[in-house]
Each structure stands twice: as C-alpha cells, then as structure tokens.
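Fold and geometry: a report
The lines below spell out each chain.
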Amino acid sequence: DFSVSLPITSKDELGDLANSIETLATELSYLKEQRNEFLASISHELRTPLTYIKGYADIVSKRNLSDEERNKYLNIIKEETDRLTGLIKELFDLAQMDQNTFVIEKERIQLSPFLKKLEEKITRAFEQEFKLSCEPNIEVIADPVKLEQILINLLDNARKYSAKGSTVKLEAWKNRNSTHIVIADNGKGIPEKDLPYIFNRFYRVEKSRTRSLGGTGLGLAIVQELVHAHGGEITVTSIEHHGTRFEIIFKGE
Ligand code: ADP
C-alpha cells in the first residue's frame with residue numbers, strides 16, 4: 001500500500017517535499033491499480049476462449065455427433081484457438097512497447113505505391129471495397145512493417161463495424177509540415193460517451209457484439225502506441241449510425 005500521511009503543511013522546502021511525496025504516492029497507487037486491472041482483463045480474455053475450447057472438445061470427444069455438428073464444433077475450437085494466438089501476439093507487442101524493447105526501423109516510404117499495394121492485399125483478404133485516394137509523390141519516414149500494422153488494424157475495424165459491401169475510404173495528403181492519412185467508414189459509428197476511451201487497452205464499446213467479431217479491445221491501443229512511437233498523432237471523430245474517421249498525422253516531413 002502506497003498511501004502515506006504527511007502532516008506537514010508548511011510552505012517551506014520541507015512542505016514542498018511533503019507535497020511531492022504525496023503526489024508520487026498517489027501516482028504509484030494509481031499505477032498499481034491500473035496494473036491489477038490490466039492483469040485481471042488479461043486473465044479473463046485468456047480464460048474465455050479456453051473455456052470454449054475445453055467445452056467443445058469435451059462434446060466432440062464424448063457425444064455421438066453428425067458430421068455437420070462435429071464440423072461446427074471443430075470450427076469453433078479453431079476460431080477460439082486463432083483468437084488466443086492473436087491475443088498472445090497483441091499482448092507480446094504491448095509488453096515490448098512497455099519495456100521500450102520495441103524496434104522501429106524507419107525508412108523513406110513513397111505513400112502512393114505503398115497504399116496501392118496495401119489496398120490490393122486487403123481487398124482480397126477482407127472482401128471489402130476500398131476507395132483509395134493519395135496525392136502523388138508524398139513520402140513519410142516510417143517503419144513499413146509497423147505502418148502496415150497500423151493501417152490494417154484501422155481498415156479491419158472499418159470493415160468489422162460497417163455494413164457488408166459499404167465503402168471504406170483511405171486517403172493521404174501532405175500539408176506544409178505534415179503528412180495525413182485518413183481511414184473513414186460509413187459504419188455504425190461510436191457513441192460520444194465511449195470516444196474518449198477507445199484507445200484504452202481492452203476497451204470495447206459493446207463487449208459481446210465485438211467479441212463475436214473477433215475483437216479483443218487491444219487493436220486501437222497498439223495502433224496509438226505505434227503512431228506515437230513514430231512521433232505522430234492519431235485522432236478520431238465519429239457520429240453514431242453514420243460513421244467513423246481516424247486521422248493519422250506525421251509531423252515535420
Ligand atoms: P476490437 O478488437 O474490439 O476491435 P479495438 O481496440 O480495435 O478493439 O477497438 C476498440 C473499440 O472501438 C471496438 O470494440 C469498437 O467498439 C470501437 N471501434 C473501433 N473502430 C471502430 C469503427 N471504425 N467503427 C465503429 N466502432 C469502432
């Protein structure tokens with residue numbers, strides 16, 4: 001327990017010191033609380049898929065099932081295993097970021113061909129229309145693997161939280177001192193009250209619905225850390241039932 005009581009209220013150096021220690025103690029106990037919450041979320045998120053896997057494995061091994069039923073249950077087992085694998089990868093990424101052992105290998109990237117290639121790759125994978133518009137000859141200094149990870153995360157969300165067949169916009173342009181990349185969808189949007197929290201670890205707007213879409217609530221936390229690691233910023237605007245727009249800004253290029 002970090003709580004301390006320092007009954008020193010004098011306005012001299014000792015008083016200042018007492019104030020500093022008190023502030024530090026509050027900060028430490030907040031961090032401790034956050035860490036506990038994070039660990040509780042991790043154990044919950046790991047346990048849920050394991051419960052499904054164990055449950056369906058029991059059914060498949062014990063009951064006499066039709067081929068169709070067995071395949072259905074085996075598919076659930078496979079999906080939940082994929083979910084666990086994804087979750088562990090995301091947790092590993094975050095742990096590396098927390099320890100600053102995360103390596104960013106920056107290089108000069110021509111955005112237009114980079115985004116074109118990404119668009120082709122994900123149009124095939126996601127079965128979703130993307131509308132790409134990128135000013136010619138703009139460059140960013142970034143890690144191409146991490147930039148792809150950022151954009152795929154945002155584009156995947158845009159697809160997950162939009163109606164099938166709707167168009168997702170991917171735009172890039174350059175201002176005098178900054179490069180901007182926007183991902184915008186016409187999907188279900190995010191309620192205003194949730195907007196301040198969506199970059200928090202494990203935060204999901206609708207827990208059960210987003211789980212069925214494969215969501216862990218870690219994607220945007222990772223995206224934000226990756227953007228910050230590049231010295232960039234990410235902002236979001238959203239209108240419920242109309243759509244969501246994420247903007248990434250890389251400065252000083
Ligand atoms: P998840 O893995 O659940 O998608 P994220 O961290 O990527 O987690 O996103 C956090 C939450 O923000 C999501 O659960 C979802 O509720 C909301 N969200 C993110 N992107 C969008 C979007 N494009 N449209 C609507 N809601 C979104």
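Use the structure listed above.
Since the model is a prediction, treat every value here as computed from it, not as a measurement.

1. Some words on the overall build of the protein
Counting secondary structure elements, the protein contains six helices and seven strands. What you see in the protein, going N to C, is helices and strands ordered as α-α-β-α-β-β-α-β-β-α-α-β-β. Once the C-alpha set of the protein is aligned to its principal axes, its extents read approximately 80 × 60 × 35 Å. Taking all 253 residues of the protein together, 38% fall into the buried category. Restricting to contacts in the protein with at least 6 residues of sequence separation, those with at least 24 account for 70%. Of the roughly 15500 Å² of accessible surface on the protein, a fraction of 53% belongs to carbon and sulfur atoms.

2. Describing the site of the ligand
In the vicinity of the ligand there are 20 residues, among which Asn157, Tyr161, Asp185, Thr216 and Leu220 approach most closely. One of the side-chain N or O atoms of Lys160 is found 3.0 Å from an oxygen atom in the ligand. Tyr161 is positioned such that a nitrogen or oxygen atom in its side chain is 2.7 Å from an oxygen atom of the ligand. Contact with the protein chains covers 97% of the free accessible surface of the ligand, which is 530 Å². More than half of the atoms of the ligand fall within 2 Å of the grid points belonging to the largest pocket. Considering each element in turn, the shell around the ligand owes the most residues, three residues, to helix H4 (residues 144–160). Within the shell around the ligand, the residues separate by chemical class into nine nonpolar, eight polar and three charged.

3. Digging into the packing of aromatic side chains
The tally for this structure, following the rule as stated, stands at five aromatic pairs. Ring plane angle 45° and centroid distance 5.7 Å describe the contact between Phe38 and Phe202, whose orientation is recorded as tilted. Taken together, the positions of Phe38 in helix H1 (residues 13–62) and Phe202 in the loop between strand E5 (178–185) and helix H5 (207–212) put the pair 164 residues apart, joining distant regions of the chain. Phe202 sits in the buried class, given a relative accessible area of 6%. When the centroid spacing of 6.2 Å and the interplanar angle of 85° are considered together, the rings of Phe199 and Phe246 count as edge-to-face. Placement of the pair is Phe199 in the loop between E5 and H5 and Phe246 in strand E7 (residues 243–251), with a sequence separation of 47 residues. A network of ring pairs unites the aromatic residues Tyr52, Tyr56 and Tyr73 as a single cluster. Residue placement shows Lys146 over the ring face of Phe102; its charged tip is 4.7 Å from the ring centre.

4. A look at the nonpolar core
Counting 45 residues, the largest nonpolar core has Leu111 and Ile181 as its most contacted members. Filtering out sequence-adjacent residues up to four positions away, Leu111 remains in contact with Cys134, Ile138, Val140, Leu147, Ala172, Thr179 and Ile181.

5. Focus on the packing of helix H2 (residues 67–98) against helix H6 (residues 219–229)
Where H2 meets H6, the axes come as close as 10 Å, and the angle between the chain directions of the two elements is 35°. Between H2 and H6 the crossing geometry is left-handed. Across the interface between the two elements, Glu90, Asp93, Leu94, Met97 and Asp98 of H2 pack against Gly219, Ile222, Glu225 and Leu226 of H6. Classifying every residue of the contact of H2 with H6 gives four nonpolar, one polar and four charged.

6. Details of the layout of surface pockets
Empty space within the largest pocket amounts to approximately 1200 Å³. Of all the secondary structure elements, the ones that give two or more residues to the lining of the largest pocket are H2, H4, E5, H5, H6 and E7. No other element matches H2, which puts 10 residues into the lining of the largest pocket. Roughly 610 Å³ of volume is contained in the second largest pocket.

7. A few points about H1
Between its first and last C-alpha atoms H1 spans 73 Å; for 50 residues at 1.5 Å apiece the expected length is 74 Å, and the two agree. Turning to H1, its buried residues are Gly15, Ala18, Ala25, Ile42, Glu45, Thr48, Pro49, Ile53, Ile59 and Val60. The opening residue of H1, the one whose side-chain oxygen lies 3.2 Å from the backbone nitrogen of Leu14, is Asp12.

8. Here we look at a nonpolar patch on the surface
Where nonpolar side chains cluster on the molecular surface, the patch consists of Leu14, Leu17 and Ile21 and spans about 280 Å² of accessible area. Relative to the assigned elements, Ile21 resides in helix H1.

9. Things to note about the pattern of salt bridges
Oppositely charged side chains may form a pair once their charged atoms are brought near each other. Using the criterion set out here, one finds 17 salt bridges in the structure. Notably, a salt bridge pairs Glu148 with Lys121, separated by 2.5 Å at the nearest N-O pair. With Glu148 in helix H4 and Lys121 in helix H3 (residues 111–126), the pair connects residues that are 27 residues apart, well separated along the chain. Taking the relative accessible area as the measure of exposure, Lys121 reaches 40% and is therefore partly exposed. The salt bridge involving Asp194 is made with Lys193; its shortest N-O contact spans 3.2 Å.

Rules used in this analysis
Counting from 1, residues in each chain are numbered in the order their sequence is written. It should be noted that, the model being predicted, local features are given only for residues of pLDDT at least 70 and side-chain atom pairs only at 80 or more, the latter also being counted only at that level, while totals for whole chains, interfaces and linings use all residues. Side-chain calculation: all heavy atoms of the structure are included, whereas hydrogens and water are not. Secondary structure elements follow DSSP: runs of H or I of four or more residues count as helices, runs of E of two or more count as strands, with numbering from the N terminus. For each residue, the accessible area found with a 1.4 Å probe, counting protein chains only, is set against the maximum for its type, and the residue is called buried under 20%, exposed over 50%, and partly exposed in between. In this analysis, two residues are considered to be in contact whenever any of their non-hydrogen atoms come within 4.5 Å of each other. Reported accessibility uses the Shrake-Rupley method at a 1.4 Å probe radius. Residues are deemed covered only where the shown protein chains occlude them. Nearness is defined per residue: one heavy atom within 4 Å of the molecule or strand is enough. Pairs of N or O atoms are called polar contacts if they sit within 3.5 Å, as long as, within protein, a hydrogen donor faces a hydrogen acceptor (for residues adjacent in sequence, only side-chain-to-side-chain pairs). Both cavities and pockets are sets of points on a 1 Å grid over the protein atoms alone; in a cavity a 1.4 Å probe fits but cannot get out, in a pocket the set is open with protein on both sides within 12 Å along at least five of seven lines, and lining residues sit with an atom within 4 Å of a point. A molecule is said to be in a cavity or pocket once over half of its atoms fall within 2 Å of that pocket's grid points. Residues are grouped as follows: nonpolar covers Ala, Val, Leu, Ile, Met, Phe, Trp, Tyr, Cys and Pro; charged covers Asp, Glu, Lys and Arg; every other residue, Gly included, is treated as polar. Only rings of Phe, Tyr and Trp enter the pairing, Trp through its six-membered ring, and a pair is recorded when the two centres are within 6.5 Å. The plane angle decides the type: under 30 degrees is stacked, over 60 is edge-to-face, the rest tilted. In this scheme, Lys NZ or Arg CZ marks a charge over a ring once it lies within 6 Å of the ring centre and within 35 degrees of the ring normal. Residue types Ala, Val, Leu, Ile, Met, Phe, Trp, Tyr and Cys, when buried and joined through side-chain atoms within 4.5 Å, form a set referred to as a nonpolar core. Axes here mean lines fitted to C-alpha atoms, for a helix over just the part in contact, with angles spanning 0 to 180 degrees between N-to-C directions. Left-handed describes a crossing whose near helix is turned anticlockwise from the far helix by less than a right angle; the clockwise case is right-handed. Grid points are joined across faces, edges and corners, and a volume is the space filled by probe spheres set on the points. Multiply 1.5 Å by the residue count of a helix minus one, and that product is the helix's expected span. Note on patches: the residues involved have over 30% relative accessible area and no salt bridge, like charges join within 9 Å, and the nonpolar side chains Val, Leu, Ile, Met, Phe, Trp and Tyr join within 5 Å. Between Lys or Arg on one side and Asp or Glu on the other, a salt bridge is scored when a side-chain nitrogen of the former is within 4 Å of a carboxyl oxygen of the latter.

By themselves, these are just geometric observations and shouldn't be taken as functional.
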